Amino acid sequence: MIAIDGATQATTRGLAGQITATGVPIRVDRGELGDLRVRCMDCGTVSPGDAPISRCPVCGGLLDVVIDTSTALDRATFGTGLSPALARSGVWRYRALLPAIPEAAIVTRGEGNTPLYVDDRLAAFAGLKAGSFGVKHEGHNPTGSFKDRGMTVGVSHAVAVGARIVACASTGNTSASLASYAAAAGIPAMVLIPEGKISGGKLAQTIAYGARVVQIEGDFDIALRLLRELTASHDVYLTNSINPFRPEGQKTIMLELFEQLGWDVPDVITVPGGNLGNTAAFGKAIDEAHAVGLIARKPRLMTIQAAGASPFFRYFASDWRTYEPMHAETVASAIKIGDPASTPRARRTIEHTNGHVTMVTDEEILDAKALIDQVGIGCEPASAASLAGTRKLVAEGVIGPDETVVGILTGNLLKDTDAVMHYHLKDRADGSRQALANRPIRIDATIDALARLLDGVIAAGPVASEATGSA
Ligand code: F0G
């Protein structure tokens, strides 16, 4: 096992029980991968999972890892019977519901274990009762986004099958995460990014962790299409979420949330939708958790897209009759995706959970983000779609005022500082101020000027109180 955060094999000297990343790829005997199976969601064909596989070899459909849900699971089993590093990972503690990748191949950075913040100012903003709205903050993962949960499983599978290179197309977070986990595993990583369209923070992470960065003249959809062509004809391990192993890790966002709530699920879960890997993974987690008796009922899963990148919303609004890819434009660059690869799997989630899909404008996203930031939590723009969407769905009556809701915050505030500065320092196109703008105050460097300011600052109270009226 390769563990950056935790105890692994006992060592006789040195920092025993601590870091064991060696940077030397590990070899696993193919015979040990016999329990890995994938099933096509279209034609049902079951294929072995002992090699890189992202498409059904029979019909080309999307694949799911086969998880045995035929016997009930005891809630108390999670985290038990595992080595310390696996037990401490917020992903691998749920190993009983994950693919049986041999422990020797597992690459973990102690991902997951993210907080659930219940905040009544956010609840009031959404139109919900005090105590009824929480956000699960996936920005607390090692590279600052939920991608690490999928990547620990994806890269571990890549190690297990002996991949010589791992690759992804990305709007920035997948690439940062892949770069880090590939570095831990000692495998080269190549990432395709739409040139000039990902945030500086994410590009910096990806470069810093040592991935080979290929800038494509085109958007994310073009980059992913190119990479899929490459992986179909070349020996390159694809780590985008069409790879069935990645969503397996992302399932644990749901499992960990349910465990945090004592297995008493919220009525509704809202999640931003881009390539729809999370929407797909969450539905699989909910179905499986229900099948093995971990949860007594299913929460409704509601996906929120940016208005300028909303093909899944339009598909849903047509009663699943017409799906049309679109050219994507939104300030939330993480979800600027016009042809989501996991669309059929995400549709299954909405159907299985009696869910819903909506869209919100960039202005709604940015105002919700400013409030999440100002209550001290903070997130990147795309993440705030979950609060903006919750507010919209409450206003529309899709979510009842007495329901409990958890929104997923997918990425850290520091992922996109340009978005922060732009919102707070620049006026809107029509010359008006952003609703929650917090402008730095300039004064002369004198004690008098500073003292004059003080009373006004105290009287104004915390910035967030302006938005929520909770002064
Ligand atoms: N939020 C953030 C912060 C993301 O980075 C992404 C996706 C999403 C939401 C959407 O999640 O694709 O599962 O629906 N980012 C990918 C990337 C596309 O390349 O980093 P999804």
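Preceding this section is the structure that the text describes.
Cut-offs used in this document
- Residues numbered from 1 in each chain as written.
- Predicted model: local features only at pLDDT ≥ 70, side-chain atom pairs only at ≥ 80, totals over all residues.
- Heavy atoms only, no water.
- Near = heavy atom within 4 Å.
- Polar contact = N/O pair within 3.5 Å; in protein donor to acceptor, adjacent residues only side chain to side chain.
- Areas by Shrake-Rupley, 256 points an atom, 1.4 Å probe, with all protein chains shown as cover.
- Helix = DSSP H or I, 4+ residues; strand = E, 2+ residues; numbered from the N terminus.
- Nonpolar A, V, L, I, M, F, W, Y, C, P; charged D, E, K, R; others polar.
- 1 Å grid on protein atoms, 1.4 Å probe; cavity = no way out; pocket = protein on both sides within 12 Å on 5 of 7 lines; lining within 4 Å.
- Points joined across faces, edges and corners; volume = space filled by probe spheres on them.
- Pairing = 2+ DSSP bridges.

### Focus on the site of the ligand
- Around the ligand sit 19 residues, and of these Ser170, Thr171, Gly274, Asn275 and Thr410 come closest.
- Residue Thr171 places a main-chain N or O atom 2.7 Å away from an oxygen atom belonging to the ligand.
- Between the ligand and Gly274 there is a distance of 2.7 Å, counted from an oxygen atom to a backbone nitrogen or oxygen.
- Protein chains shield 99% of the accessible area of the ligand, which is 480 Å² for the free molecule.
- When contributions to the shell around the ligand are tallied by element, the ones reaching two or more residues are helix H4 (173-185) and helix H8 (277-291).
- Counted by class, the shell around the ligand contains six nonpolar, eleven polar and two charged residues.

### Some thoughts on the layout of surface pockets
- Computed from the structure, the largest pocket encloses a volume of approximately 260 Å³.
- Lining the largest pocket are 14 residues, and of these Ile53, Ser54, Arg55, Thr231 and Ala232 sit closest to its centre.
- Looking at the lining of the largest pocket, the elements with two or more residues in it are helix H6 (220-233) and strand E11 (237-238).
- For the lining of the largest pocket, the per-class residue count stands at nine nonpolar, three polar and two charged.

### Observations regarding the sheet that holds E11
- What the four strands build is an open sheet, ordered E10-E9-E8-E11; its pairing is parallel. With one partner strand each, in any of the chains shown, strand E10 (212-216) and E11 form the two edges of the open sheet.
- Bridge analysis of strand E8 (residues 166-169) against E11 gives two bridges, and the strand direction is parallel. Paired with Ala167 across the bridge in E11 is Leu238.

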